[in-house]
Amino acid sequence: MADDIKAVSTEVVPVDARQPEAAVIERAAALLRAGELVVFPTETVYGLGGDALREEAARRIFAAKGRPLTDPLIVHIAQVEELERVAAAVPERAQRLAEAFWPGPLTLILPRGEQVPRLVTAGLETVAVRMPSHPVARALIRAAGRPIAAPSANRFKHVSPTTAQHALADLSGRVPLILDGGPTPVGVESTVVDLCSSVPRILRPGGTSLEALRKVLPEIEPPLPPRTTASDKREREEGQAQRSPGQLLVHYSPTAPLLLFEGEDEAQRAALVAEALRRLERGERVGILAATEDREALRPCEEGGALVRAPASLEEPEKVAAALFAILRALEEAAVDVILCRSFRPVGLGLAIQDRLRRAAGGRIIRVDPSAGATEGVR
Ligand code: AMP
Ligand code: MG
């Protein structure tokens, strides 16, 4: 193996997602108590878990993922009482959010508790904490009897895993155990909210919508636009830990280049179809991610050999989110030369979808101007 990790054989063990078998959970919990790593399902994506209070376990997580030590980990808890073990203080705003959204896909940035090694927080004096709702995640954390640090169970910069098979593809030989609880229901990562800044702000949109958060904390700010790779690079060179590593512009990247079409619906659909037909004619293998509303218009592309995935309607961002990462991985595995992708409205989970697609595009966004009917973009 290229980096500094010992090869192990990886076992995939099925687990009942609703009523996890006690023996399976106990086996995984014993590994966590021994400082080893376990991949497990959460309601968002699969997590790569290790003891959050043990530096050596955190070190193993970074090594298995190939993740730079400047990217902090999210600490997962099973009971609110455990919050005191990991956070130095819990502001009133945080209590309100926790009460409303935990267990669930919401991560809170709080002042770091002394017991949490600095390696886990990438040297920051803040810690990211979340209480997952997935029965397997909850049972496992409870049985381990300690908070569990768990980033997504993918290799650094790859698409997050929503099935045990995705995690195996990325981490085979790098972790002893993967619990297979089937596909994860939400499909995108948690929403990260910073409660350590003067104004609470979303750092990463995810499984809990801005609209829902605002019903509890109306003053919450939407995410800032992604930083450029140039400014990220500068920060790294200056040796600073990133405030929010998911904010890297090129982060969720499938191996095939992804072109993202944005703009008025009809116009982006027409531009996508034209681009697909042009590429098919050149003999390229084309993958398309679209909505059911696009099906009709995409028929000529499909007949021309394009692989079309249209998981749901534009009105169903939850369904699109649940299918998104599996589709990107499937198209990548089909060895397409390019993935052409429509955009989804940034409403509800649509905000997280937009964020992940823009990052996957890494700047290859084609903004369609409806009046000129022309396409323009950075390629
Ligand atoms: P992952 O667990 O791989 O999905 O990514 C970790 C995410 O946690 C990043 O996108 C960050 O936004 C967030 N994060 C973790 N710790 C902190 C922290 N102390 N401050 C800000 N963001 C954090
Ligand atoms: Mg991740």
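Calculation notes
Residues numbered from 1 in each chain as written. Chains lettered and ligands numbered in written order. Predicted model: local features only at pLDDT ≥ 70, side-chain atom pairs only at ≥ 80, totals over all residues. Heavy atoms only, no water. Helix = DSSP H or I, 4+ residues; strand = E, 2+ residues; numbered from the N terminus. Buried < 20%, exposed > 50% of the residue type's maximum accessible area, 1.4 Å probe, protein only. Contact = heavy atoms within 4.5 Å. Salt bridge = Lys/Arg side-chain N within 4 Å of Asp/Glu carboxyl O. Pairing = 2+ DSSP bridges. Arc of directions from axis to C-beta. pLDDT = per-residue confidence, 0-100. Axes fitted to C-alpha atoms, helices over the stretch in contact; angles between N-to-C directions. Parallel < 35°, antiparallel > 145°, perpendicular 65-115°, else oblique. Nonpolar A, V, L, I, M, F, W, Y, C, P; charged D, E, K, R; others polar. Left-handed = near helix turned anticlockwise from the far one by under 90°.

**Some details on the overall build of the protein chain**
At step 1: Each helix and strand in the protein chain was counted, giving 12 helices and 16 strands.
At step 2: Counting over 379 residues, the protein chain shows a buried share of 56%.
At step 3: A separation of at least 24 residues holds for 67% of the contacts in the protein chain among residues at least 6 apart in sequence.

**Some words on the pattern of salt bridges**
At step 1: Tallied over the entire structure, the rule returns 31 salt bridges.
At step 2: Residues Glu 56 and Arg 54 are paired through a salt bridge, measuring 3.5 Å at the closest nitrogen-oxygen approach.
At step 3: Classification of Glu 56 as partly exposed rests on a relative accessible area of 38%.
At step 4: In this structure, the salt-bridge partner of Glu 262 is Arg 358, at a minimum N-O distance of 2.9 Å. With a gap of 96 residues between them, Glu 262 in strand S11 (residues 258-262) and Arg 358 in helix H12 (residues 350-361) connect regions that are remote in the sequence.

**Structural notes on the pairing of S11**
At step 1: Of all 5 residues in S11, 5 are buried; the element is thus mostly enclosed.
At step 2: Of the two faces of S11, the one holding Leu 258, Leu 260 and Glu 262 and the one holding Leu 259 and Phe 261 are both buried throughout.
At step 3: As paired strands, S11 and strand S14 (residues 338-341) are joined by 3 bridges and run parallel to one another. Opposite Leu 259, over in S14, you have Leu 340 as the bridge partner.
At step 4: Pairing between S11 and strand S15 (residues 365-369): 3 bridges, direction parallel.

**Some details on helix H4 (residues 92-101)**
At step 1: Listed in full, the buried residues belonging to H4 are Ala 94, Leu 97, Ala 98 and Phe 101. Buried positions in H4, seen along its axis, are confined to an arc of 100 degrees and lie on one side of it.
At step 2: Its buried side turned inward, H4 meets strand S5 (106-111), strand S9 (191-194) and helix H7 (210-216).

**Here we look at the environment of Leu 69**
At step 1: Positionally, Leu 69 belongs in the loop between helix H2 (55-65) and strand S4 (74-76).
At step 2: Between the C-alpha atoms of Leu 69 and Thr 121, which are 52 residues apart in sequence, the distance is 9.1 Å.
At step 3: Among residues more than four places away in sequence, those in contact with Leu 69 are Phe 62, Leu 119 and Ala 122.

**Re the confidence of the model for the protein chain**
At step 1: When pLDDT is averaged across the protein chain, the result is 92; 89% of the residues are at 70 or more.
At step 2: Across residues 236-242 the pLDDT falls below 50, and counting only partners more than four positions away or on other chains, this stretch makes 19 contacts in the model.

**Digging into the sheet that holds strand S10 (residues 201-204)**
At step 1: Taking strand neighbours across the sheet as the criterion, the 10 strands line up as S1-S8-S2-S3-S7-S4-S6-S5-S9-S10 in an open arrangement whose pairing is mixed. Each edge of the sheet is formed by a strand with only one pairing partner; in this case those strands are strand S1 (11-14) and S10.
At step 2: Two strands pair when backbone bridges link them, and S4 and strand S6 (residues 126-130) are joined in this way by 3 bridges, in the parallel orientation. Bridge pairing in S6 places Ile 74 opposite Ala 128.
At step 3: Running over the sheet, helix H1 (residues 22-33) touches S1, strand S2 (38-41), strand S3 (46-51), strand S7 (148-149) and strand S8 (177-180) and is turned about 145 degrees from S8.
At step 4: Helix H5 (residues 135-144) rests against S2, S4, S7 and S8 of the sheet, and its axis sits at about 140 degrees to S2.

**A short note on H2**
At step 1: By the burial criterion, the buried members of H2 are Ala 57, Ala 58, Ile 61, Phe 62, Ala 63, Ala 64 and Lys 65.
At step 2: Packed against the buried residues of H2 are S3, S7 and helix H6 (164-171).
At step 3: Looking at the residues trailing H2, positive phi occurs at Gly 66, about 70 degrees.

**Some remarks on the packing of helix H9 (residues 265-281) against helix H10 (residues 295-303)**
Any two packed helices are characterised by how steeply their axes cross, that is the angle between the axes, and by the distance between the axes.
At step 1: Close contact between H9 and H10 brings their axes to 9 Å; oriented N to C, the two are set at 5 degrees. Classified by the interaxial angle, the pair formed by H9 and H10 is roughly parallel. Where H9 abuts H10, its residues Arg 269, Leu 272, Val 273, Ala 276, Leu 277 and Leu 280 lie against Ala 297, Leu 298, Pro 300 and Cys 301.
At step 2: Residues belonging to the contact of H9 with H10 are distributed by class as follows: 9 nonpolar, no polar and 1 charged.

**Re the packing of helix H11 (residues 317-333) against H12**
At step 1: Interaxial distance between H11 and H12 falls to 9 Å at its minimum, and their mutual angle equals 30 degrees. Considering how the two elements wind past one another, H11 and H12 form a crossing that is left-handed. For the pair H11 and H12, the contacting residues are Pro 317, Val 320, Ala 321, Leu 324 and Phe 325 in the first and Gly 350, Ile 353, Arg 356 and Leu 357 in the second.
At step 2: Its residues assigned to classes, the contact of H11 with H12 shows 7 nonpolar, 1 polar and 1 charged.

**Quick word on the environment of Ala 28**
At step 1: Locating Ala 28 in the fold gives a position in helix H1.
At step 2: Counting along the chain gives 113 residues from Ala 28 to Ile 141, while the straight-line C-alpha distance between them is 9.8 Å.
At step 3: Beyond its immediate sequence surroundings of up to four residues, Ala 28 is in contact with Val 38, Leu 140, Leu 177 and Leu 179.

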